[in-house]
Amino acid sequence: MASKGPLHSKENVKTAKAAIAPPEKPQPSREEKKKKWTLEDFEIGRPLGKGKFGNVYLAREKTTKYIVAMKVLSKTQLKSGHFEHQLRREIEIQSHLRHPNILRLFGYFYDTTRVYLILEYAPQGELYKALRAERKFDEKKSATFVAQLADALKYCHSKKVIHRDIKPENLLLGNNGELKIADFGWSVHSPSSRRETLCGTLDYLPPEMIEGRTHDEKVDLWSVGVLCYELLTGSPPFETKSHSDTYKKICRIDVHFPAHVSPGAKDLIMRLLRHDPKERLSLDRVLTHPWIREHADVASLVVHKRK
Ligand code: N15
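Our subject in this report is the structure included herewith. (Residues numbered from 1 in each chain as written. Predicted model: local features only at pLDDT ≥ 70, side-chain atom pairs only at ≥ 80, totals over all residues. Heavy atoms only, no water.)

## Side note on the overall build of the protein
Cut-off, in case you're wondering: Strands here are runs of E lasting at least two residues and helices are runs of H or I lasting at least four, both read from the DSSP assignment and numbered beginning at the N terminus. Categorising residues by exposure relies on relative accessible area from a 1.4 Å probe, with only protein chains included: less than 20% of the type maximum marks a residue as buried, more than 50% marks it as exposed, and the intermediate range marks it as partly exposed. Any two residues whose heavy atoms approach within 4.5 Å are treated as being in contact. The protein chains shown are the only cover counted for residues, whose accessible areas, like all others here, come from Shrake-Rupley with a 1.4 Å probe.
The helix and strand tally for the protein stands at twelve helices and nine strands. Expressed as a percentage of its 307 residues, the buried residues of the protein come to 46%. Within the protein, contacts between residues at least 6 apart in sequence are counted, and of these 63% link residues at least 24 apart. When the accessible surface of the protein is split by element, carbon and sulfur atoms take 52% of a total near 16,800 Å².

Shown next as structure tokens:
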């Protein structure tokens, strides 16, 4: 992985002196020197969150003062769960993705006991916390998040990466409140017939995944529909107190809408929550759906694409 550039952009800044002094020899960048990161390069700040294998901290690279999120993973925990292979795969996937709505992985390093991931810092924190605080989002905010998510997933699918674990807990918010997909813990290269044990909530999983059938990138279309519902109402559509009741509701597509959900939003959601993956609205069609076009603030999408 060669991703040391962004933290050291200062090295490329020309000073006024350069205009009068004889031209300097081009200096090799940190990347060209193949210099490895170590913990010594960072100041560690407050914890940002706790995860299965370790914690995430606010951190600052000492020479550039660039702020990042540093994820610290315990090697013993990774080994005992046989997650080393998964971690390698995730690093491989995430380090190659470059999109404004996908959290960057800048690099990684390790010492005898831990693995450190240098991740993009998302200043506005976790989407699910913002949603719990506001209870539900209005149509403009919801449609904007759905459009940003659809755009990011379109990019992933073009690289044959399916995410498979879209839910508010895996989404962060950038400087301007834009959505950032943060977790690739379940992502795979498509198509997949892997049958992992499904742990945690079923709420965002499509029928083909909970029934253990082969699945492809269309699983992500289903979860866009589930997320759209949760953003607008505050709860996912198939939520129940028990695993088995949620399972039944998903397979029957037993969805009910509170009265405040507009016909346009309902139309989009129901075109995504289709049992047959082939019938689900494509991501391009999500982006051009009338409800998205009417409500989403698409300025952020356009601006980033012109860069
Ligand atoms: C294994 C691999 C290559 C996948 C890499 N992705 C992850 O490890 C997923 N991950 C992202 N795990 C933790 C994070 C994470 C990144 C968690 C929190 C943050 C983060 N970047 N910024 C934050 C963050 N910003 C905050 C602002 C206010 C309150 C809490 C915040 N957390």
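Still to come is the rest of the account.
## Points about the packing of helix α7 (residues 219-233) against helix α9 (residues 263-272)
Quick note on the threshold: A fitted line through C-alpha atoms represents every axis, and for helices the fit uses only the stretch in contact; the resulting angles, taken between N-to-C directions, go from 0 to 180 degrees. Note on angle classes: values under 35 degrees are labelled roughly parallel, values over 145 roughly antiparallel, values of 65 to 115 roughly perpendicular, and the remainder oblique. If you view the pair so one helix is near and one far, a crossing is left-handed when the near helix is turned anticlockwise from the far one by less than a right angle, and right-handed when it is turned clockwise. Think of it as three bins: nonpolar holds Ala, Val, Leu, Ile, Met, Phe, Trp, Tyr, Cys and Pro, charged holds Asp, Glu, Lys and Arg, and polar takes everything else, Gly as well.
Where α7 contacts α9, the two axes come as close as 8 Å, and the packing angle between them is 150 degrees. Classified by the angle their axes make, α7 and α9 are roughly antiparallel. Like other packed secondary-structure pairs, α7 and α9 cross with a definite hand, here left-handed. Between α7, through Leu 221, Trp 222, Val 224, Gly 225, Cys 228, Tyr 229 and Leu 232, and α9, the contact on the second element is made entirely by Ala 265, Leu 268, Ile 269 and Leu 272. By residue class, the composition of the contact of α7 with α9 is ten nonpolar, one polar and no charged.

## A few points about the site of the ligand
Keep this limit in mind: Whether a residue is near a molecule or strand depends on its heavy atoms: it is near if one of them lies within 4 Å of it. Polar contact is defined as a pair of N or O atoms within 3.5 Å, subject to the rule that within protein one atom must be able to donate a hydrogen and the other to accept it, and that residues adjacent in sequence are counted only when both atoms are side-chain atoms.
Residues in close proximity to the ligand total 21 residues, the closest being Lys 71, Glu 90, Glu 120, Ala 122 and Ala 182. Taking Glu 120, its main chain carries an N or O atom lying 2.9 Å from a nitrogen atom of the ligand. Contact with the protein chains covers 89% of the free accessible surface of the ligand, which is 660 Å². Of all elements in the fold, only β1 (42-50), β3 (67-74), α3 (84-95) and β5 (114-120) reach the threshold of two or more residues within the shell around the ligand. Ranked by residue count, the leading element in the shell around the ligand is α3, at four residues. Looking at side-chain class alone, the shell around the ligand contains 14 nonpolar, two polar and five charged residues.

## Description of unusual backbone geometry
The phi angle at Lys 160 is positive, at roughly 60 degrees, despite the residue not being glycine. Inspection of the secondary structure puts Lys 160 in the loop between α5 (139-158) and β6 (161-162). For Ile 253, which is not a glycine, the phi torsion comes out positive at approximately 50 degrees. Assignment of secondary structure puts Ile 253 in the loop between α8 (243-252) and α9.

## With respect to the pattern of salt bridges
Two side chains of opposite charge can pair, provided their charged atoms sit close to one another. Using the following cut-off: Throughout this description, the term salt bridge denotes a Lys or Arg side-chain nitrogen within 4 Å of a carboxyl oxygen of Asp or Glu.
One pass over the full model with this rule turns up 16 salt bridges. Asp 267 is the salt-bridge partner of Arg 271, the closest N and O atoms lying 2.7 Å from each other. Of this pair, Arg 271 and Asp 267 are both found in helix α9, four residues apart, which corresponds to roughly one turn of the helix. The exposure class of Arg 271 is partly exposed, given its relative accessible area of 38%. Its relative accessible area of 29% is what places Asp 267 among the partly exposed residues. Put simply, Glu 120, Glu 178 and Lys 180 are held in one network by salt bridges that share partners.

## Some remarks on the pairing of β5
Which entries qualify depends on this criterion: Two strands qualify as a pair provided DSSP detects at least 2 bridges between them.
Of all seven residues in β5, six are buried, a share of seventy percent or more. Here β3 pairs with β5 via seven bridges, running antiparallel. When the sheet's bridge partners are listed, Ser 74 is paired in β5 with Arg 114. Two strands pair when backbone bridges link them, and strand β4 (residues 105-110) and β5 are joined in this way by five bridges, in the antiparallel orientation. Paired with Tyr 108 across the bridge in β5 is Leu 117.

## Here we look at the packing of aromatic side chains
Each aromatic ring pair is specified by the distance between its two centres and by the angle formed by the two planes. Short version of the rule: Any two rings among Phe, Tyr and Trp, with Trp reduced to its six-membered ring, count as a pair given centres within 6.5 Å; such a pair is stacked if its planes are under 30 degrees apart, edge-to-face if over 60, and tilted if neither.
Here the structure, examined in full by the defined rule, presents seven aromatic pairs. Here the aromatic rings of Trp 37 and Phe 42 are separated by 5.5 Å at their centres, their planes lie at 50 degrees, and the arrangement is tilted. In this pair, the class of Trp 37 matches that of Phe 42, namely buried. With a centroid separation of 5.7 Å and 15 degrees between ring planes, the pair formed by Trp 222 and Phe 238 is classed as stacked. One end of the pair, Trp 222, is in helix α7; the other, Phe 238, is in the loop between α7 and α8, and 16 residues separate them in sequence.

## Considerations on the environment of Pro 100
Mapping Pro 100 onto the fold places it in the loop between α3 and β4. The spacing of Pro 100 and Gly 174 is 74 residues in sequence and 9.1 Å in space, taken between C-alpha atoms.

In short, geometric facts, not functional conclusions.
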